[in-house]
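Take a look at the letters that make up each chain.
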Protein chains: 2
Amino acid sequence: MRFLSATSSDGVREQLFTLDDIPGALWTPEAAPAAPLPLVVLGHGGGRHKKDPEVLALAHRLVRECGHAAVCVDVPAHGDRPKVEEYDRLAAENQARVAAGEEPAPLIAAFHALVARRTVPEWRAVLDAVRRLDHVGAGPVGYWGVSLGCGLGVPFVAAEPRVRAAVLGLGGALASPEAARITVPVRFLLQWHDERVPRDQGLALYDALASQQKTLHANPGGHAEVPPSEQDGTLRFFARHLAR
Amino acid sequence: MRFLSATSSDGVREQLFTLDDIPGALWTPEAAPAAPLPLVVLGHGGGRHKKDPEVLALAHRLVRECGHAAVCVDVPAHGDRPKVEEYDRLAAENQARVAAGEEPAPLIAAFHALVARRTVPEWRAVLDAVRRLDHVGAGPVGYWGVSLGCGLGVPFVAAEPRVRAAVLGLGGALASPEAARITVPVRFLLQWHDERVPRDQGLALYDALASQQKTLHANPGGHAEVPPSEQDGTLRFFARHLAR
């Protein structure tokens, strides 16, 4: 793990790093409470990156309001990472197939599965490295990710026993067959008029989660219109489930 | 409005009253803040009454934690009210029809509609009377009711322009055709394994609400198993929407 920069604002320290060839950002309290800190892994959306405004806003609130650490790395072919020829080819192929009338859900599922074969081991390695840092430590772990962050988050949370609680959503069941292996508390966000994820697919993904504690929060509006008040609930959720 | 008794505990004053022949309970802060207070009308569940433990717990928290007033009256044929022969006959008839294989949802719908023809004007009269009291006043009004309290609450909220925000749930669309006339913010509770309300009926009722701000909260478990954490959310919801 190599640190590239460290800056601070509003009590939040941000360190940019690379781990092998993975670029990431780590946010921690400037006035560090005693480690180990709860750590939330953030999965960014499709076409976004580790310092996407939504990711950044959530990371800052997790640090400031909960005293947690947060980390986000660029998904392959996103942010500071090079293009992946295979993904580009597949994306173009899929676009053509959808334009020709094919159902998008199975295509998205296959694409997520392909990307997750890389991100799941990458994110586990990031967890290993970040939890070895003196100012973070091996505390409880949470996961947050919607849309692509849900498609990649479901296999990650299913594979990673250190994750104790997860916020997921804006994803469908077909794209996330590993949901039945998730047993930790989940807060699941669904947009009632999601133009990208059919409503029944979103409901089916919530249904498929094996967690005994799982809450579905649905709100009116499209894929990108989750109401800001849901972020307050996300903070309360992590504060409750990642309490030391 | 005739007061029968007044008691206090933990900072909450409880007054039992009758309005015409309707028995009710009113909860207000003992150390009264300046009226008008926000007032939440509580609709109890089927077979329950105005001092049901769930109603009582919510009323006390609304008073203590939000400084609101709360009121609940017995639905006809519930609590301290006399039996209604017509309801008993219909209930027995419906039981027989369900036992014979008929779908319960339309029968429940017809029954709710019958009871609502009495409760909607009764609850509106209670609102008039309570908001004329010096220690309550004509402040913002909210409504809370699940199960029967949703079946009767939907026509009440649809008919009553003074209600600004409502918590509803554990009810189905067929039983609540007035949902499309509700435009105020709604928090809607749904139990994922509700043995009394089919899931698609609950989702359809949420869908039918005309409110721009409406959140569906679904949790695993049966009709009576709403997790206690939802009550915290209900308090936050009323505190936000009934702020003076």
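Coordinates for the structure precede this section.
The model shown is predicted, which means the values in this text are computed figures rather than measured ones. (Residues numbered from 1 in each chain as written. Chains lettered and ligands numbered in written order. Predicted model: local features only at pLDDT ≥ 70, side-chain atom pairs only at ≥ 80, totals over all residues. Heavy atoms only, no water.)

Engineer: Explain helix α7 (residues 229–241) of chain A to me, please; I cannot follow it from the model alone.
Structural biologist: Structurally, the α-helix is built with 3.6 residues per turn, so residues lying three or four positions apart point the same way. For α7 of chain A, with 13 residues, the first-to-last C-alpha span of 19 Å sits near the 18 Å given by 1.5 Å per residue. Along α7 of chain A, the residues classified as buried are E230, G233, T234, L235, F237, F238 and H241 of chain A. (Helix = DSSP H or I, 4+ residues; strand = E, 2+ residues; numbered from the N terminus. Expected span 1.5 Å × (residues − 1). Buried < 20%, exposed > 50% of the residue type's maximum accessible area, 1.4 Å probe, protein only.)

Engineer: Please explain the packing of aromatic side chains as it appears in this structure.
Structural biologist: What describes a pair of aromatic rings is the distance from one ring centre to the other and the angle between the planes of the rings. Residues and elements named next belong to chain A. Across all of its chains, the model carries 16 aromatic pairs over all chains by this definition. On the numbers, 5.4 Å between centres and 80 degrees between planes, the contact of W123 with F156 is edge-to-face. Highlighted residues: W123 in helix α3 (residues 104–131) and F156 in helix α5 (residues 153–159), separated in sequence by 33 residues. Look at W123 and you get buried, because its relative accessible area is 3%. By relative accessible area, F156 is classed as buried at 0%. (Phe/Tyr/Trp six-rings, centres within 6.5 Å; stacked < 30°, edge-to-face > 60°.)

Engineer: Would you take a moment to explain the interface of chain A and chain B for this structure?
Structural biologist: Reports of interface size often rely on the accessible area that becomes lost once the parts have come together. Contacts between the two partners involve 15 residues from chain A and, on the opposite side, 15 residues from chain B. Interface of chain A and chain B: buried area, both sides summed, is about 1300 Å²; carbon and sulfur atoms make up 56% of it. At the boundary of chain A with chain B, the tally comes to two salt bridges. Salt-bridge contacts for D207 of chain A lead to R199 of chain B; the nearest nitrogen and oxygen are separated by 3.6 Å. Summed over the shared surface of chain A and chain B, the result is nine residue pairs in polar contact (both at pLDDT 80 or more). Ranked by residues supplied to the side of chain A that touches chain B, first place goes to strand β9 (residues 214–219) of chain A with six residues. (Contact = heavy atoms within 4.5 Å. Buried area = accessible area lost by both parts, 1.4 Å probe. Salt bridge = Lys/Arg side-chain N within 4 Å of Asp/Glu carboxyl O. Polar contact = N/O pair within 3.5 Å; in protein donor to acceptor, adjacent residues only side chain to side chain.)

Engineer: Explain the packing of helix α2 (residues 85–99) of chain A against α3 of chain A to me, please; I cannot follow it from the model alone.
Structural biologist: All names here are of chain A. Running from N to C, α2 and α3 cross one another at 170 degrees; their axes reach a closest spacing of 10 Å. Taken together, the axes of α2 and α3 are roughly antiparallel relative to one another. Within the contact between the two elements, α2 uses E86, Y87, L90, N94, R97 and V98 and α3 uses P104, L107, F111, L114, V115 and R118. Along the lines of polarity and charge, the residues of the contact of α2 with α3 split into eight nonpolar, one polar and three charged. (Axes fitted to C-alpha atoms, helices over the stretch in contact; angles between N-to-C directions. Parallel < 35°, antiparallel > 145°, perpendicular 65-115°, else oblique. Nonpolar A, V, L, I, M, F, W, Y, C, P; charged D, E, K, R; others polar.)

Engineer: What should I look at first to understand the pattern of salt bridges in this one?
Structural biologist: If the charged atoms of two oppositely charged side chains come close together, the side chains can form a pair. Residue and element names in this part refer to chain B. With the rule as written, the count across this model stands at 28 salt bridges over all chains. Close ionic contact of D74 with K50 constitutes a salt bridge, the shortest N to O distance being 2.9 Å. Of the two residues, D74 sits in the loop between β5 (69–73) and α2 (85–99) while K50 sits in the loop between β4 (39–43) and α1 (53–66), which places them 24 residues apart along the sequence. Among the residues examined, D74 registers a relative accessible area of 0% and is labelled buried. Among the salt bridges present, the one from R124 reaches E160, with a minimum N-O distance of 2.9 Å. In this pair, R124 sits in helix α3 (residues 104–131) while E160 sits in the loop between α5 (153–159) and β7 (163–169), placing the two residues 36 residues apart along the sequence.

Engineer: How should I be thinking about empty space enclosed by the protein in this particular structure?
Structural biologist: To find leftover empty space, one rolls a probe the size of a water molecule over the atoms. Residue and element names in this part refer to chain A. Summed over the entire model, instances satisfying the criterion amount to four cavities of 30 Å³ or more. In this structure, the largest cavity spans a volume of roughly 50 Å³. Among the elements of the structure, β8 (186–191) and α6 (199–208) are those that each provide at least two residues to the lining of the largest cavity. In terms of residue count, the dominant contributor to the lining of the largest cavity is β8 (four residues). Of the residues assigned to the lining of the largest cavity, the class counts are six nonpolar, three polar and two charged. (1 Å grid on protein atoms, 1.4 Å probe; cavity = no way out; pocket = protein on both sides within 12 Å on 5 of 7 lines; lining within 4 Å. Points joined across faces, edges and corners; volume = space filled by probe spheres on them.)

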